[in-house]
Amino acid sequence: MKYILVTGGVISGIGKGIIASSVGTILKSCGLHVTAIKIDPYINIDAGTFSPYEHGEVFVLDDGGEVDLDLGNYERFLDIRLTKDNNLTTGKIYQSVINKERRGDYLGKTVQVVPHITDAIQEWVMKQARISVDDDGVEPQVCVIELGGTVGDIESMPFIEAFRQFQFKVKRENFCNIHVSLIPQPNTTGEQKTKPTQNSVRELRGLGLSPDLIMCRCTTPLETAVKEKISMFCHVEPTQVICVHDVASIYRVPLLLEEQGVVSYFCQRLNLHVETRPRKMLTKWKEMADRSDRLLEHVSIALVGKYTKLSDSYTSVIKALEHSALAINHKLEVKYIDSADLESTTLQDEPVKYHEAWQKLCSSDGVLVPGGFGVRGTEGKMLAINWARKQNKPFLGVCLGMQLAVCEFARNVLGWQDANSTEFNPESKHPVVIDMPEHNPGQMGGTMRLGKRRTIFKSNNSVMRRLYGGLEYVEERHRHRFEVNPELKHHFETKGLQFVGQDEEGERMEIIELEGHNYFVGVQYHPEFTSRPIKPSPPYFGLLLAAVGKLQSYLAKGCRLSPRDTYSDRSGGSSPEADISELSNNGPDVVAVPVQDHHAGGFHGGQVLPAEALH
């Protein structure tokens, strides 16, 4: 097993997650099996109780793990499926050591950070690195480990010490360290400054880890003199200083690393046996990045939420929209709207903000209401849903977005004025969304309906079923406590709001569709978590198709099943010329090929590629 540790210096949020994902991507393109572990030095057991403003969105895995958003990057870049143990926190490590101590495993010993905590970290990493994350069940050959935070933080010290010991335990040829650092460029002089990187590397080396590659984050490409200066002061060859400057899209980062010889360095440093043939997977990334840069037509989606001041709060949602926009050859413009700004109280207090929010909403091509918790802004979201329903504007509601769509319909179509979720109004006479018996209310963390669950389609000709390729069921990830009240279902269906997807018992309402509407869909699950750059999530893809007026022509052409492993060279890359069914419509051609998901025991999603990428 080869281990690649990614550490960061100078500032947090420097892009370690994208760099770790990109390193994994270029190694996977060489035919290696790659896994990833994210270490977060905070004491929380997991990310489940964070506000999105604290740490970005909470990403949910198949097994229900609520984890850091970087695991979403790993899954999207590497097309793998991780487990909750791939996210390691200080809280998890201390909890496991304290549990052992209480059981008497350390009887007679003083339990200390060294060796007990550091040993527990090393054992966790070695055990988790061997767990398969691919559908074929093969044990990984390379494990990319990202250590969150910055070198020098008090809380990350036990992890740095653990890896200092670890490099000798697994031998030098099986362990290497990438250090990501910032090269600031003050506007006054425009000069690239190396001092922060020098200090950061000096601190890391003082703690016993010597970086093999120094990846420099900068706004413009590194000058040769600056590279040589870093090389001289940081004890590495100039070829070991890698420039990661700002690029047009994140799809370019793996290509940037590849161009600078990162793969050949790993081959030599870690004794990796890799064939030197052209790598089809990277060709596919280049195609995707080139197409992304060339897009001329625009499509705008209004994202009506309550955490809109920080785009990281909706990372997976934005990525799912981008994947779908790329598949229909449009450049995505997301209009962030704080749902509270749409409410009448804002009209009284800040009328300019109110009118700006409504102007953004009315000028968008589609409306998306994502998940969320708490009552703030829910009335504004319902106003946006009401507008989308009445104006025949494409709408997608995810999790809370679907629940509020049901509440809005109950109020304005069924005439139940106080219809609400019991989360916001426990006294409502029409509780259309209720707390389902899933969890123990005693604790906050991990008490929701979490992880992968099956949704059965109840209608043969629903739009969602057709978008999913005509499947009988889909398996998607959930994260919620409240659900649509199944006892009131018939009231909605008689008025045209159909519950086209339900769980296996028929008790939980999973997908709604409004009859006679351009595209009015709500899903109780979070389809964004399983969207991939080359396999967009069907609910999001439907929203984008409807937003550009292509949905009906796309559905009319139908989809053809063609199981394909998109991420390996064995599949012939992204150009299966022989078995492509073309979908001509009034814009760029789109081809949909649902992909067999052996892991889920069924089919999942749809691999959707513009035809030009396939010829």
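Refer to the preceding data block for the structure.
Residues numbered from 1 in each chain as written. Predicted model: local features only at pLDDT ≥ 70, side-chain atom pairs only at ≥ 80, totals over all residues. Heavy atoms only, no water.

Engineer: Report on the sheet that holds strand S13 (residues 395–398), specifying residues and quantitative values.
Structural biologist: Read across the open sheet, the nine strands follow the order S11-S10-S12-S13-S21-S20-S19-S16-S17; overall the sheet is mixed. Of all the strands in the sheet, the pair left with one neighbour each is strand S11 (331–338) and strand S17 (473–480). Averaged over all adjacent pairs, the angle separating strand axes in this sheet is 25°, with direction ignored. Two strands pair when backbone bridges link them, and strand S12 (residues 366–369) and S13 are joined in this way by three bridges, in the parallel orientation. Directly across from Leu368, in S13, lies its bridge partner Leu396. Packed on one face of the sheet, helix H14 (residues 351–362) meets strand S10 (298–305), S11 and S12 and runs near 150° to S11. (Pairing = 2+ DSSP bridges. Helix = DSSP H or I, 4+ residues; strand = E, 2+ residues; numbered from the N terminus. Axes fitted to C-alpha atoms, helices over the stretch in contact; angles between N-to-C directions. Contact = heavy atoms within 4.5 Å.)

Engineer: Lay out the pairing of S12 with the relevant residues and their values.
Structural biologist: Burial along S12 is two-sided: the residues Gly366 and Leu368 and Val367 and Val369 are all buried. As paired elements, S10 and S12 share three bridges and run parallel to each other. Within S12, the residue paired with Ile301 across the bridge is Gly366. Handedness of the crossover joining S12 and S13 through helix H15 (residues 378–390): right-handed. (Buried < 20%, exposed > 50% of the residue type's maximum accessible area, 1.4 Å probe, protein only. Right-handed = clockwise from strand over helix to strand, strands pointing away.)

Engineer: Give me the lowdown on the nonpolar core, citing residues and values where you can.
Structural biologist: Judged by nonpolar contacts, the single largest core of 56 residues is most densely connected at Ile4, Val23, Leu27, Ile178, Met215 and Phe266. Top element by residues in this core is helix H1 (residues 16–28). It accounts for six residues. When residues of this core are assigned to domains, at least three map to each of domain 1 (2–290) and domain 2 (296–436 + 447–557). Every residue in contact with Val23, bar those within four places of it in the chain, is listed here: Ile4, Val144, Ile178, Met215, Leu257 and Phe266. Counting residues in each nonpolar core, the second largest holds 40 residues, with Tyr354, Met382, Phe409 and Ala419 among its members. (Core = buried A, V, L, I, M, F, W, Y, C linked by side-chain atoms within 4.5 Å. Domains from an automatic or database assignment.)

Engineer: How would you explain the packing of aromatic side chains if you had to name every residue and give the values?
Structural biologist: The tally for this structure, following the rule as stated, stands at 16 aromatic pairs. Pairwise contacts between aromatic rings join Tyr3, Phe163, Phe166 and Phe175 into one cluster. For the cation-ring pair, Arg454 lies above Tyr473, with the distance from its terminal atom to the ring centre recorded as 3.7 Å. (Phe/Tyr/Trp six-rings, centres within 6.5 Å; stacked < 30°, edge-to-face > 60°. Lys NZ or Arg CZ within 6 Å of the ring centre and 35° of its normal.)

Engineer: Which residues make up unusual backbone geometry, and what are the values?
Structural biologist: Of note, the bond from Val114 into Pro115 is cis; its omega dihedral lies within 30 degrees of zero at 15°. Tracing the sequence through the fold places Pro115 in helix H5 (residues 113–129). In this structure, Asn329 is a non-glycine residue whose phi angle is positive, near 60°. If you trace the backbone, Asn329 turns up in the loop between helix H12 (315–327) and S11. For Asn329, a relative accessible area of 9% puts it in the buried group. Residue Asn392 is not a glycine yet carries a positive backbone phi of 60°. Locating Asn392 in the fold gives a position in the loop between H15 and S13.

Engineer: Describe the pattern of salt bridges, listing the residues and the values that go with them.
Structural biologist: For the structure on display, the rule yields 32 salt bridges. Arg477 serves as the salt-bridge partner of Glu75, at 2.9 Å between the closest nitrogen and oxygen. With Glu75 in helix H3 (residues 70–78) and Arg477 in strand S17, this residue pair connects regions lying 402 residues apart in the sequence. For the pair formed by Glu75 and Arg477, the shared burial category is buried. Linked by salt bridges that have partners in common, Asp62, Glu75, Asp79, Arg81, Arg477, Arg532 and Lys535 make up one network. (Salt bridge = Lys/Arg side-chain N within 4 Å of Asp/Glu carboxyl O.)

Engineer: Tell me about the layout of surface pockets, residues and numbers included.
Structural biologist: Approximately 960 Å³ is the volume attributed to the largest pocket. Taken together, 36 residues make up the lining of the largest pocket; nearest its centre are Gly13, Gly15, Leu69, Asp70 and Asp312. When residues of the lining of the largest pocket are traced back to their parent elements, those giving at least two are H1, strand S2 (34–40), H3, strand S9 (241–245) and H12. Its residues assigned to classes, the lining of the largest pocket comprises 12 nonpolar, 13 polar and 11 charged. (1 Å grid on protein atoms, 1.4 Å probe; cavity = no way out; pocket = protein on both sides within 12 Å on 5 of 7 lines; lining within 4 Å. Points joined across faces, edges and corners; volume = space filled by probe spheres on them. Nonpolar A, V, L, I, M, F, W, Y, C, P; charged D, E, K, R; others polar.)

Engineer: Hey, could you go over a nonpolar patch on the surface for me, with residue numbers and the actual values?
Structural biologist: A cluster of nonpolar side chains, namely Tyr94, Ile98, Val113 and Val114, defines an oily patch on the protein surface of about 310 Å² accessible area. Looking at the nonpolar patch, the elements with two or more residues in it are helix H4 (90–103) and H5. For Tyr94, the position within the fold is in helix H4. (Patch = residues over 30% accessible without salt bridge, like charges linked within 9 Å, V, L, I, M, F, W, Y side chains within 5 Å. Areas by Shrake-Rupley, 256 points an atom, 1.4 Å probe, with all protein chains shown as cover.)

Engineer: An account of empty space enclosed by the protein is requested, with residue identities and associated values reported.
Structural biologist: Across all of its chains, the model carries six cavities of 30 Å³ or more by this definition. In this structure, the second largest cavity occupies an estimated 60 Å³ of space. In terms of lining, the second largest cavity is formed by Gly372, Phe373, Cys399, Leu400, Gln403, Glu423, His480, Arg481 and Phe482. Of the residues belonging to the lining of the second largest cavity, the class tally is four nonpolar, three polar and two charged.

Engineer: Explain the sheet that holds strand S7 (residues 175–182) residue by residue, including any values.
Structural biologist: Strand order in the open sheet formed by seven strands is S5-S2-S6-S1-S7-S8-S9, with parallel pairing between adjacent strands. In the strand order of this sheet, the two ends are held by strand S5 (87–89) and S9, each with one partner. Across the sheet, the mean angle separating the axes of adjacent strands is 20° when strand polarity is ignored. As judged from the five bridges shared by strand S8 (residues 213–218) and S9, these two strands associate in the parallel manner. In the strand pairing of S9, Ile214 is matched with Val241. Across the sheet, helix H7 (residues 195–206) lies against strand S1 (2–8), S7 and S8, angled at about 150° from S7, the strand it touches most.

Engineer: How would you sum up the side chain of Arg81? Please name residues and give values.
Structural biologist: With respect to the helices, strands and loops of the structure, Arg81 is situated in the loop between H3 and S5. One polar contact links Arg81 to Asp62, side chain to side chain, over a distance of 2.8 Å. (Polar contact = N/O pair within 3.5 Å; in protein donor to acceptor, adjacent residues only side chain to side chain.)

Engineer: Any chance you could break down helix H6 (residues 157–169) for me, citing the residues and the numbers?
Structural biologist: Residues separated by three or four positions in an α-helix point in the same direction, a consequence of the helix having 3.6 residues per turn. In this model H6 runs 19 Å from its N-terminal to its C-terminal C-alpha over 13 residues, within 8% of the 18 Å that 1.5 Å per residue would give. What H6 keeps buried is the set Pro158, Phe159, Ile160, Ala162, Phe163, Gln165, Phe166 and Gln167. Following H6 by one or two positions, Lys171 has its phi on the positive side, about 80°. (Expected span 1.5 Å × (residues − 1).)

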